[in-house]
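Residues per chain are reported as follows:
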Amino acid sequence: MAPAKSSKSSVASETSVALRTMWKSYIQHTSDRLKLIDAFLVFIMFSGMVQFAYCVLVTNFPFNAFLAGFASCVGQFVLTASLRAQVNPENRSEFNDVSPERAFADFTLGSIVLHFFVYNFLG
């Protein structure tokens, strides 16, 4: 029984070390622009989880409102993840014909169109 417990603690320790190393690398090597986009992605994900939990635990009475809100979160997450991929300097070879300004303009236009459809879906 004792070796299994030490094995679990060593796995937890290795995981903890790996996560700390990954976090340090992220803080040191990621630009502030990408960190801001990542923070927005976390906010959108949290917002979608709260909406889903509210729908499951409390009520889904205006179901179209839940669908519109959740679809807005998912759509905005996809658009923001696309923006992050396009403005990341490490992906410059894949998006060499797209400038960061063009990527932001595409993101903005896509967000406007997305929220126009979401607003119309609300009824």
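The rules behind each value
- Residues numbered from 1 in each chain as written.
- Predicted model: local features only at pLDDT ≥ 70, side-chain atom pairs only at ≥ 80, totals over all residues.
- Heavy atoms only, no water.
- Core = buried A, V, L, I, M, F, W, Y, C linked by side-chain atoms within 4.5 Å.
- Buried < 20%, exposed > 50% of the residue type's maximum accessible area, 1.4 Å probe, protein only.
- Helix = DSSP H or I, 4+ residues; strand = E, 2+ residues; numbered from the N terminus.
- Contact = heavy atoms within 4.5 Å.
- Expected span 1.5 Å × (residues − 1).
- Salt bridge = Lys/Arg side-chain N within 4 Å of Asp/Glu carboxyl O.
- Axes fitted to C-alpha atoms, helices over the stretch in contact; angles between N-to-C directions.
- Parallel < 35°, antiparallel > 145°, perpendicular 65-115°, else oblique.
- Nonpolar A, V, L, I, M, F, W, Y, C, P; charged D, E, K, R; others polar.

Q: An account of the nonpolar core is requested, with residue identities and associated values reported.
A: Grouped together as the largest cluster of nonpolar side chains are eight residues: Leu34, Ile37, Leu41, Leu83, Val87, Val98, Ala103 and Phe107. Looking at this core, the elements with two or more residues in it are helix 2 (32–57), helix 3 (63–87) and helix 4 (100–122). Here this core takes three residues from helix 2, the largest share from any one element. When sequence neighbours within four positions are dropped, the list of residues in contact with Ala103 reads Leu83, Gln86, Val87 and Val98.

Q: So what's going on with helix 2? Residues and values would help.
A: When the terminal C-alpha atoms of helix 2 are compared, their 37 Å separation across 26 residues agrees well with the 38 Å that a helix rising 1.5 Å per residue should span. Considered for burial, the residues of helix 2 that qualify are Leu34, Ile37, Asp38, Leu41, Ile44, Gly48 and Cys55.

Q: Go over the pattern of salt bridges, please, and point to the residues and values.
A: What the rule picks out here adds up to two salt bridges. Between Asp38 and Arg84 there is a salt bridge, with its nearest N and O atoms 2.4 Å apart. Separated by 46 residues along the polypeptide, Asp38 in helix 2 and Arg84 in helix 3 bring together distant segments of the chain. Residue Asp106 is joined to Arg102 by a salt bridge in which the shortest nitrogen-to-oxygen separation is 3.3 Å. In this pair, Asp106 and Arg102 both sit in helix 4, four residues apart, roughly one turn of the helix. Take Arg102: its relative accessible area is 48%, and that puts it in the partly exposed class.

Q: Explain the environment of Ser72 to me, using residue names and the numbers behind them.
A: You can see Ser72 is positioned in helix 3. For Ser72, a relative accessible area of 13% gives the class buried. Note: C-alpha distance between Ser72 and Tyr119 (47 residues apart in sequence) is 9.4 Å. Other than its neighbours up to four places away in sequence, Ser72 contacts Leu114, His115 and Val118.

Q: Lay out the packing of helix 3 against helix 4 with the relevant residues and their values.
A: Interhelical geometry of helix 3 versus helix 4 gives an angle of 175° and a closest axis separation of 10 Å. Here helix 4 runs roughly antiparallel to helix 3, going by the angle between their axes. Taken together, the residues of the contact of helix 3 with helix 4 sort by class into 15 nonpolar, nine polar and no charged.

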